Amino acid sequence: MRLMKLFNLNDPGWGRGNQNQNDDPRGNKPDSSSGPPDLDEVWRDFSKRLNGLFGRRGGGRGPRPPSGSGMPSLPGPSPRFLLLLVVAAVLLWLASGFMIVQEGQVSVVTRFGQYVKTLNPGLQWRLPYPIEASQAVNISQLRTFEVGFRGSSRNKVLSESLMLTNDENIVDVQFVVQYRLLPDGAPAYLFNTSQPDESVRQAAETAMREIVGRKPMDFVLYSGRTEVASEVQALAQSILDRYETGIQISTVAIQNVQPPEQVQAAFDDAVKAGQDRERQVNEGNAYASKVLPEAEGQAARMIQESEGYSARVIGQAQGDTSRFDSIVAEYEKAPGVTRERLYLETMQDILSDSAKVMIDAAVGNNMLYLPLDKIMGQAARSAAGASSSAAHDAAGGSAPAAAGAAQAAQGTSAGGGAQQRGVPSGLDGLMTSPYSN
């Protein structure tokens, strides 16, 4: 076993080879008058020990170089040591290709700048730099930006929010867009556009201006916010898909829509006038809905009455025609009898509509007047009193009714006895019937 000595730098004989072998083992130093150490000898001794560490054998001190030739060169390492160094460096270089992709992210790998593959979350490996490089992209993050304002609705950006409607009015539209990357859209997000986030902003603003330009102002301000937002989302997504940005728009939310501040007062007046107009239109429609059915019903009733009257008149005319034809036939058979019958029927029709009857008595020249209207009214009142009395007291209430009936019978008998020649035979029935004009 080879032993190595440790030399003290304070030893004036250090580096002089075997000259230090005669030193006192108890540590006594030789005489200091021997002079300073030789630097060439020190360097040769250091080279010898270094060669021993690298595995070189048989390395002695060798011949002493001539004076004035300078410092001797350091001997090169052994091939085995260089091979180990190279293998260790290669292993370290390959180990640098291992990487951990976080959850919710993907790693886009490029080889000499060209896209190769996309690594999913977990422990992954790629060829180390400079052959392949990777860039992490967060695909689960929900990105948000504002159009028309920044932070608060009062912090307006008029160059983004002012838009023209279909009826040539200007509205101030402020909305928010939220988007995220598609699961396989990371390469397109990195390489297809230079500024993908700005591209989304411009696409959303372009879609909003186009949709608002198709709609009237009242629709955008009041009833159509949800419809406008959905149409803007669909149109902006189609624009981004056309350019293959790998971005998916999640939400388009309209925060505020109003006319410009410079015309806000005039717009309020116009809105009030429009509301009054709508109210009056609604009232007119309600009145029309009420009157028109009534008028249509009255018109239908009048038409039906007219049709009924026409049918009645035509039927009556046809009946009169038939009756006249039958009378003519009978008149041809017995003219005298038919003439008298027609006279009597005519007088009966005339006198049946009159409440006053004049009777020509056989004795004297005076005409007898019969107040049939009063007689009939008294008879009607008597009949009503008799029916009411019979309901309460059948025995006590029958007497006035009987008296009224007897009185009416006497008047009828008097009228019947007074019937003379030339009076229609149907006068008895006319006097006894409870009828008044």
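Everything quoted here is computed from the prediction, not taken from an experiment.

**As for the UniProt feature "transmembrane region" (unreviewed entry) in the protein chain**
Step number 1: Within this structure's numbering, the places UniProt gives as "transmembrane region" (unreviewed entry) are residues 81–101.
Step number 2: When the span residues 81–101 is considered, its composition is 71% helix and 19% strand, and the gap between its end C-alpha atoms is 37 Å.

**Observations regarding the environment of Gly213**
Step number 1: Along the chain, Gly213 falls in helix H5 (residues 196–214).
Step number 2: Looking at Gly213, the relative accessible area reads 28%, which means it is partly exposed.
Step number 3: Along the chain, Gly213 and Glu168 lie 45 residues apart, while their C-alpha atoms are 8.6 Å from each other.
Step number 4: If we ignore the near neighbours within four places in the chain, the residues touching Gly213 are Leu164, Thr165 and Asn166.

**Things to note about the sheet that holds strand S5 (residues 132–138)**
Pairing between sheet strands relies on hydrogen bonds along the backbone, with the strands arranged either parallel or antiparallel.
Step number 1: Read across the sheet, three strands follow the order S3-S2-S5 without closing on themselves; strand pairing throughout is antiparallel. The open sheet has two free edges, formed respectively by strand S3 (114–119) and S5, since each of these has just one partner strand. Each neighbouring strand pair of the sheet contributes to a mean axis angle of 25 degrees, computed without reference to strand direction.
Step number 2: As paired strands, strand S2 (residues 105–111) and S5 are joined by seven bridges and run antiparallel to one another. Paired with Val109 across the two strands is Ser134, which belongs to S5.

**A closer look at the confidence of the model for the protein chain**
Step number 1: Here the protein chain averages 75 in pLDDT, while 69% of its residues score no lower than 70.
Step number 2: A low-confidence stretch, residues 17–27 (pLDDT under 50), is modelled with 11 contacts involving residues beyond four sequence positions or located in other chains.
Step number 3: Confidence drops under pLDDT 50 across residues 58–62; counting only partners more than four residues distant or on other chains, this segment forms five contacts.

**Digging into the nonpolar core**
Step number 1: If you look at the biggest cluster of nonpolar residues, it comprises 39 residues, and the most contacted ones within it are Phe175 and Met208.
Step number 2: Elements that contribute at least two residues to this core include exactly S2, strand S6 (143–147), strand S10 (170–181), helix H4 (186–191), H5, helix H6 (217–223), helix H7 (225–242) and strand S11 (247–258).
Step number 3: If near-sequence neighbours (up to four positions away) are discounted, Phe175 is found in contact with Glu146, Val147, Phe149, Met163, Ala204, Glu205, Met208, Val252, Ala253, Ile254 and Gln255.

**Some details on the packing of aromatic side chains**
Step number 1: Under the counting rule described, the total for this entry stands at three aromatic pairs.
Step number 2: With centroids separated by 6.3 Å and ring planes inclined at 55 degrees, the aromatic side chains of Tyr115 and Phe191 adopt a geometry described as tilted. One end of the pair, Tyr115, is in strand S3; the other, Phe191, is in helix H4, and 76 residues separate them in sequence.
Step number 3: The partly exposed category is assigned to Tyr115, whose relative accessible area is 36%.

**Considerations on the pairing of S3**
Step number 1: Pairing of S2 with S3, which is carried by five bridges, proceeds in the antiparallel orientation. By the bridge assignment for S3, Ser107 is matched with Leu119.
Step number 2: Where S2 folds back on S3, the antiparallel hairpin that results is connected by two residues, among which Phe112 adopts a positive phi of roughly 55 degrees.

Reading the values: the criteria
- Every residue gets a number counted from 1 within its own chain, in the order that chain's sequence is written.
- Reporting in this predicted model follows two pLDDT cut-offs: at least 70 for local features of residues, and 80 or more for side-chain atom pairs to be given and counted; totals over whole chains, interfaces and linings ignore these cut-offs and use all residues.
- Hydrogens are left out, water is left out, and the side-chain values use all remaining heavy atoms of the structure.
- UniProt positions are given in the numbering used here, feature names are shortened, and annotations may be inferred rather than shown by experiment.
- The numbering of helices and of strands both runs from the N terminus, where a helix is a DSSP run of H or I of at least 4 residues and a strand a run of E of at least 2.
- Only protein chains enter the accessibility calculation, which uses a 1.4 Å probe; a residue whose area is less than 20% of its type maximum is buried, one above 50% is exposed, and one in between is partly exposed.
- Contacts between residues were defined by any pair of non-hydrogen atoms, one from each residue, lying within 4.5 Å.
- The criterion for strand pairing is that DSSP finds at least two bridges linking the strands in question.
- Geometry is summarised by axes, namely lines fitted to C-alpha atoms with helices restricted to the contacting stretch, and by angles between N-to-C directions that run from 0 to 180 degrees.
- pLDDT runs from 0 to 100 and stands for how confident the predictor is about each residue.
- We define the nonpolar core as a collection of buried residues of types Ala, Val, Leu, Ile, Met, Phe, Trp, Tyr and Cys that are connected through side-chain atoms lying within 4.5 Å of one another.
- Only centres within 6.5 Å qualify two rings of Phe, Tyr or Trp (six-membered ring in Trp) as a pair; their planes then separate them into stacked at under 30 degrees, edge-to-face at over 60, and tilted for everything else.

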